[in-house]
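Residue-level structure breakdown
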Amino acid sequence: MALPQPQQYPFRSMRTRILPLLFVVTAIGLQSCSHKRQVFISECDDGVAFKKVSFSKLMDSIENYDQQYIEVSGKYEEGKELSALFNDQTLINTTAGNALWVNFNPDCPLYLAGTHHGLFEYNDGQFTRLNNKSIVIRGRVDVRNKGSHQRCKATIDRVSLVSL
């Protein structure tokens, strides 16, 4: 006579696989929350109301925003003859024709909020890293200026806020 075998519960093996995964995801989430946002501001356009606009909407109707002060977010890329903001959604076209040239102006210096540390100054042993970062930026749109070699759709100048 055979003894009854204990029943296997399929959830037990699933639980032993899911719990460690849940722990790792939670740890990564908590670690990312500890990253403090850096906000660099300029006093150039104090008192100006900025229109918050999505990157896609801005690119679709760029002419409507000419000489307007806007706030937009995207992925900043810099390099040889490149200072541009791209849509930070991964499935969007990232060619320079779909970019916004970023014209940082020394007449509008950007300082870390509450300090005298400039965006382009050497601080704590390094420069502030912007390349390939998602940022929020405020400035004025100029559709006549299309950046280096006329590659971008427009320029954002008079940059008065960079948040990363």
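Our subject in this report is the structure included herewith. From a predicted model like this one, the values you see are computed outputs, not experimental measurements.

1. Looking at the environment of Leu 130
As for its placement among the helices and strands, Leu 130 is situated in the loop between β6 (111–112) and β7 (133–142). As a C-alpha pair, Leu 130 and Phe 120 span ten residues in sequence and 9.9 Å in three-dimensional space. Setting aside residues up to four positions removed in sequence, Leu 130 forms contacts with Tyr 76, Phe 104, Leu 119, Phe 120, Ile 135, Val 162 and Leu 164.

2. Some details on the layout of surface pockets
Here the second largest pocket is characterised by a volume of approximately 180 Å³. The residue inventory of the lining of the second largest pocket, partitioned by class, reads seven nonpolar, three polar and three charged.

3. Some thoughts on the side chain of Asp 45
Take Asp 45: it is sitting in the loop between β1 (39–41) and β2 (51–52). In terms of polar contacts, Asp 45 uses its side chain to reach the side chain of Arg 158, at 3.0 Å. Beyond its immediate stretch of four places on either side in the chain, Asp 45 contacts Phe 50, Tyr 69, Arg 158 and Ser 160.

What counts, and where the lines are drawn
Going along each chain's sequence as written, the residues are numbered from 1 onward. A pLDDT threshold of at least 70 governs which residues receive local features in this predicted model, and a stricter bar of 80 or more applies before side-chain atom pairs are shown or counted, although totals over entire chains, interfaces and linings include all residues. Calculated side-chain values reflect all of the structure's heavy atoms, with hydrogen atoms and water omitted. Where helices and strands are cited, they refer to DSSP runs of H or I of at least four residues and of E of at least two residues respectively, numbered from the N terminus. Every residue pair with non-hydrogen atoms within 4.5 Å of one another is taken to be in contact. We place a 1 Å grid over just the protein atoms. Points where a 1.4 Å probe fits but has no way out form a cavity, open points with protein on both sides within 12 Å along at least 5 of 7 lines form a pocket, and any residue with an atom within 4 Å of a point lines it. Grid points are joined across faces, edges and corners, and a volume is the space filled by probe spheres set on the points. When residues are grouped by polarity, Ala, Val, Leu, Ile, Met, Phe, Trp, Tyr, Cys and Pro land in nonpolar, Asp, Glu, Lys and Arg in charged, and all others, Gly among them, in polar. A 3.5 Å cut-off defines polar contacts: any pair of N or O atoms within that distance qualifies, except that in protein one atom must be a possible hydrogen donor and the other a possible acceptor, and neighbouring residues in sequence count only when both atoms are side-chain atoms.

The values are spatial; any link to function lies outside them.
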